[in-house]
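Architecture at a glance
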Amino acid sequence: GAGVSQSPRYKVAKRGQDVALRCDPISGHVSLFWYQQALGQGPEFLTYFQNEAQLDKSGLPSDRFFAERPEGSVSTLKIQRTQQEDSAVYLCASSISGGNTIYFGEGSWLTVV
Amino acid sequence: KQEVTQIPAALSVPEGENLVLNCSFTDSAIYNLQWFRQDPGKGLTSLLLIQSSQREQTSGRLNASLDKSSGRSTLYIAASQPGDSATYLCACGGSNYKLTFGKGTLLTVNP
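Residues numbered from 1 in each chain as written. Chains lettered and ligands numbered in written order. Predicted model: local features only at pLDDT ≥ 70, side-chain atom pairs only at ≥ 80, totals over all residues. Heavy atoms only, no water.

Re the overall build of chain A
Looking only at helices and strands, one finds 0 helices and 11 strands in chain A. Put simply, of all contacts in chain A between residues at least 6 apart along the chain, 51% involve residues at least 24 apart. Here chain A has roughly 5400 Å² of accessible surface; of this, 48% comes from carbon and sulfur atoms. Across chain A, the centroid of the 10 positively charged side chains sits 7 Å from that of the 11 negatively charged ones. (Helix = DSSP H or I, 4+ residues; strand = E, 2+ residues; numbered from the N terminus. Contact = heavy atoms within 4.5 Å. Areas by Shrake-Rupley, 256 points an atom, 1.4 Å probe, with all protein chains shown as cover. Lys, Arg positive; Asp, Glu negative; His and termini not counted. Charge placed at Lys NZ, Arg CZ, Asp CG, Glu CD.)

In structure tokens:
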């Protein structure tokens, strides 16, 4: 597609449930990022991939969060045993390479009840 | 740790007015600085990207400046229109190209 695509757009999970969020970056984009945005805040960095290599995961809040990009294109962010504080918008972004213009998807809105 | 502050938090102006949004950052060792626009319920749209060696970038009615030594950037919007109403976010690019965002300025342009 023409832009970064994320699915699902909206997810309601019961506390303790595992969720998986998918990101399809722009074709050919080497760099892929995940950000978390709480209501009324700016996005916060979670993790960064260059092709299939996860070069920075310093922003992942806990070991319940895991991200992968096994073939260097589609990426999945997995959250295990969801907690209420995980409720946020999860934004995926890609760029042709690091330091260039970054393109965001519309986000996956996660609500944990 | 990089900290990005945006002032004002909200701004309401009449259509046609020129306006300036401010962004300040604590660590001048940035790779680049980007301004984004976010509409309600949507993702972010990149408006302007200024590399660390540059002083400003222009696109249409938008002009962004960067002063690394003072840790400041401004976004100037000329002849504002109701369609410019959105949240504007400033972000500094650091190591591993990670962006550190401010909380944004909510702009409302009244017809």
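Moving on, there is more to tell.
Some remarks on the packing of aromatic side chains
Enumeration according to the criterion identifies 12 aromatic pairs over all chains in this entry. Residues A:Phe33 and A:Tyr48 carry aromatic rings whose centres are separated by 4.8 Å and whose planes lie at 20 degrees to one another, so their mutual orientation is stacked. A residue pair is termed long-range when its members are at least 10 positions apart, and A:Phe33 in strand S4 (residues 31-37) and A:Tyr48 in strand S5 (residues 44-50) qualify at 15 residues. Judged by relative accessible area, A:Phe33 falls into the buried class, the value being 2%. Centre to centre, the rings of A:Tyr48 and B:Tyr97 are 6.0 Å apart; their planes meet at 80 degrees, and the pair counts as edge-to-face. With one member in each of two chains, A:Tyr48 in strand S5 and B:Tyr97 in the loop between strand S9 (86-93) and strand S10 (99-101) form a pair that bridges those chains. Judged by its relative accessible area of 1%, A:Tyr48 is buried. Residue B:Tyr97 is classed as partly exposed on the basis of its relative accessible area of 27%. Chaining the aromatic ring pairs together yields one cluster made of A:Phe33, A:Tyr35, A:Phe45, A:Tyr48, A:Phe104, B:Tyr31, B:Phe36, B:Tyr97 and B:Phe101. (Phe/Tyr/Trp six-rings, centres within 6.5 Å; stacked < 30°, edge-to-face > 60°. Buried < 20%, exposed > 50% of the residue type's maximum accessible area, 1.4 Å probe, protein only.)

As for the sheet that holds strand S7 (residues 65-68) of chain A
All names here are of chain A. Taken in spatial order, the 4 strands of this open sheet run S1-S3-S8-S7, and their pairing is antiparallel. Two strands close off the open sheet at either side, each with one partner strand: strand S1 (5-7) and S7. Shown here is a sheet whose adjacent strand axes are inclined to one another by a mean of 15 degrees, direction ignored. Across 4 bridges, S7 lies against strand S8 (residues 75-79) in antiparallel orientation. What sits directly across from Phe 66, in S8, is Lys 78. (Pairing = 2+ DSSP bridges. Axes fitted to C-alpha atoms, helices over the stretch in contact; angles between N-to-C directions.)

What to know about the nonpolar core
One finds B:Phe25, B:Leu33, B:Trp35, B:Leu75, B:Ile77, B:Tyr88 and B:Leu107 to be the most contacted residues of the largest nonpolar core, which totals 22 residues. At the level of secondary structure, the elements contributing two or more residues to this core comprise strand S3 (19-25), strand S4 (32-38), strand S5 (44-51), strand S7 (62-67), strand S8 (72-77), S9 and strand S11 (105-110) of chain B. A:Ile26, A:Trp34, A:Leu60 and A:Leu110 belong to the second-largest nonpolar core, a separate cluster that totals 20 residues. (Core = buried A, V, L, I, M, F, W, Y, C linked by side-chain atoms within 4.5 Å.)

Examining the side chain of A:Thr76
Residues and elements named next belong to chain A. Secondary-structure assignment places Thr 76 in strand S8. A relative accessible area of 18% places Thr 76 in the buried class. When neighbours within four sequence positions are excluded, Thr 76 is seen to be in contact with Ala 20, Leu 21, Trp 34, Phe 66, Ala 67 and Glu 68.

Notes on the interface of chain B and chain A
Facing the 20 residues of chain B at the interface are 23 residues of chain A. Together, B:Asn96, B:Tyr97 and B:Lys98 form the three largest contributors to the area buried by chain B at its contact with chain A, with a combined 29%. On the surface where chain B and chain A come into contact, there are 2 salt bridges. The partner of A:Glu106 in a salt bridge is B:Lys42, with the nearest N and O atoms 3.6 Å apart. (Buried area = accessible area lost by both parts, 1.4 Å probe. Salt bridge = Lys/Arg side-chain N within 4 Å of Asp/Glu carboxyl O.)

Focus on the pairing of S7(B)
Consecutive residues of a regular strand have side chains that alternate between opposite faces of the sheet. All names here are of chain B. Note that strand S6 (residues 56-59) and S7 share 4 bridges and pair antiparallel. Note on S7: the bridge partner recorded for Thr 58 is Asn 63. Where S7 lies against S8, 6 bridges are found, and the strand directions are antiparallel. If you follow Ala 64 over to S8, its bridge partner there is Leu 75.

A closer look at the confidence of the model for chain B
In the predicted model, chain B carries a mean pLDDT of 95, and the fraction of residues at 70 or more is 100%. Highest mean pLDDT in chain B belongs to S8(B) (98); lowest belongs to S5(B) (94). (pLDDT = per-residue confidence, 0-100.)

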